[in-house]
Structures are given as structure tokens and as C-alpha cells.
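# Structural overview for review
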Amino acid sequence: MGAEQAGPFRRPTPQEVAAAGRGLADVIGPGLRVLFCGFNPGLYSAAVGLPFARKGSRFWPALHGGGFTDRELRPWEHDELLRQGLGVTSLSNRATARADELTSAELVAGATGLAVKAQRYRPRWVAILGVTAYRIAFVRPRAGLGPQPDRLGPARVWVLPNPSGLNAHFPLPALTAEFGKLRQAIDG
């Protein structure tokens, strides 16, 4: 085990440590098909200023495998993501090493902020990336994956699994299948 490793995870770089608490710009525009909403930016994403930027992020392969994009996009391809009618935001814009570092109050406040964004930008769907985040932020303790009764502005709400590699309940094929269910509902 080299100096870079601590147990099964590597130690954060100085740049990642410095990114703690830093925010990340939304990838958003008017009239999106789907606005994907994660818990919050990870330290690496905040350090480089790109959503789902860590090498090995499962968001991009699930997005492509679920049928949303014609190829696997890279985190820096904001314009292409928007051209395909897709955007990315977060419930909390405070970067942390793990989502469980967020407070319930931050997530509830994030739901309010997300509603404002949905009203302003008017996506057809908002996809919350993580059932735990949705349950806390929207005070729906029994919610599951899939379509939800809530609306955010004109947008319908769908809950997807958290694409974090730490989410062992959903290997990439299962995650991709869940993304595909949303795409099928949209494209009918």
C-alpha cells in the first residue's frame, strides 16, 4: 500500500481538501427534457469545477446506457449535454467527501431551491439522484424509485439511484436499467 492509499480509498489530494465547502456551477438551461439533481458535488468535482468529474463516475455511462445520449459524454461537455436537453444541478452546492456529511436541513433547503430552478427553467422532468436524498429533502420517508407525486414547478419528478460508486446496491447494469426506465417514460 503506497502513500496514496488509506484502506480501500485513496487519500484526498491537497486540491480536493481545499475544495471542501466549495460550490459548483449548474449545467442548466430553459426547457430541458431532464434536469438531473444529485446530493451535492464531491470534492474532486468541486476542485476541477465539473459535475461527476471523478474518473470512474457511473453517471456518464448510465446516462448513455439508459438511452439519453448517443455516446458517453465527458464531464466537460456542458454544451453537448444541454444540446441533448439535459442538465445537472445539486440539492446542496457544498462540496463534501461523502453525501452523508450533509445535514437534513441542507437537503430540505435544497428542495426549495430546486423548486425555484424548476419554475425558472421549466424542465419536463427533474430526476433526483438518490432515494435517500429525496426522502429527506421532500419529507417522503417511504418514497421509492421511479415517478413521484411531487411536481417542481411544471416538472414531474422521478427518483433514480445515486450513481456514486459507493452505492453498492446498484451495480452499473442495474443503474443503467433505472436510467432507461426514465427515458422510456419520457419518450413513451
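What counts, and where the lines are drawn
- Residues numbered from 1 in each chain as written.
- Predicted model: local features only at pLDDT ≥ 70, side-chain atom pairs only at ≥ 80, totals over all residues.
- Heavy atoms only, no water.
- Core = buried A, V, L, I, M, F, W, Y, C linked by side-chain atoms within 4.5 Å.
- Buried < 20%, exposed > 50% of the residue type's maximum accessible area, 1.4 Å probe, protein only.
- Helix = DSSP H or I, 4+ residues; strand = E, 2+ residues; numbered from the N terminus.
- Contact = heavy atoms within 4.5 Å.
- Expected span 1.5 Å × (residues − 1).
- Pairing = 2+ DSSP bridges.
- Axes fitted to C-alpha atoms, helices over the stretch in contact; angles between N-to-C directions.
- Salt bridge = Lys/Arg side-chain N within 4 Å of Asp/Glu carboxyl O.
- Phe/Tyr/Trp six-rings, centres within 6.5 Å; stacked < 30°, edge-to-face > 60°.

### Here's the deal with the nonpolar core
Formed by 24 residues in total, the largest nonpolar core has its most connected members in L91, L114, V126, I128, Y134, F138 and L152. Here the element with the most residues in this core is helix α5 (residues 104–121); it accounts for 5 residues. Once residues lying within four places of it in the same chain are set aside, the contact partners of L114 are L35, C37, T89, L91, V126, I128, F138 and L152. Membership of the second largest hydrophobic core comes to 21 residues, among which are F68, V88, L182 and I186.

### Describing unusual backbone geometry
The phi angle at F52 is positive, at roughly 50°, despite the residue not being glycine. The topology assignment puts F52 in the loop between α2 (43–48) and α3 (59–65). At R122, a residue that is not glycine, the phi angle is positive and equals roughly 55°. Taking relative accessible area as the criterion, R122 reaches 44% and is therefore assigned partly exposed.

### Quick word on helix α7 (residues 172–187)
For an α-helix the count is 3.6 residues per turn, leaving residues at separations of three or four pointing the same way. Its 16 residues give α7 an end-to-end C-alpha distance of 22 Å, which sits within 8% of 22 Å, the value for a rise of 1.5 Å per residue. Listed as buried for α7 are L175, T176, E178, F179, G180, L182 and I186. Elements in contact with the buried residues of α7: β3 (34–38), α3, β5 (125–129) and β7 (155–160). At the exit of α7 stands G188, carrying a positive phi of roughly 45°.

### A look at the sheet that holds β7
Think of a sheet as strands paired side by side through backbone hydrogen bonds, with each pair either parallel or antiparallel. Reading across the sheet, the 5 strands line up as β4-β3-β5-β7-β6 and stay open at both edges, with mixed pairing between neighbours. Each edge of the open sheet is held by one strand with a lone partner, namely β4 (86–90) and β6 (146–152). Averaged over all neighbouring strand pairs, the angle between strand axes comes to 30°, with direction disregarded. The sheet contact formed by β6 and β7 spans 4 bridges and is antiparallel.

### Some points on the environment of R98
By the element assignment, R98 lies in the loop between β4 and α5. For the pair R98 and N40, spaced 58 residues apart in the sequence, the C-alpha separation amounts to 8.8 Å.

### A closer look at the side chain of E80
By the secondary structure assignment, E80 is in helix α4 (residues 78–83). Sequence-distant contacts of E80, that is, excluding residues within four places in its chain, are made with R71 and L73.

### Re the pattern of salt bridges
Per the counting criterion, the structure on display carries 9 salt bridges. Notably, a salt bridge pairs E106 with R94, separated by 2.7 Å at the nearest N-O pair. Taken as a pair, E106 in helix α5 and R94 in the loop between β4 and α5 lie far apart in primary sequence, 12 residues in all. The shortest N-O distance in the salt bridge between R183 and D187 comes to 3.8 Å. Highlighted residues: R183 and D187, both in helix α7, separated by 4 residues, approximately one helical turn. For R183, a relative accessible area of 21% gives the class partly exposed. Members of the salt-bridge network, linked through shared partners, are R33, R183 and D187.

### Describing the packing of aromatic side chains
Summed over all chains, the structure comprises 8 aromatic pairs. Measuring from ring centre to ring centre gives 5.5 Å for F36 and F68, while their planes differ by 90°; the resulting arrangement is edge-to-face. With a gap of 32 residues between them, F36 in strand β3 and F68 in the loop between α3 and α4 connect regions that are remote in the sequence. Each residue in the set F36, F52, F59, W60, F68 and F179 is aromatic and connected to the rest through ring pairs, giving one cluster.

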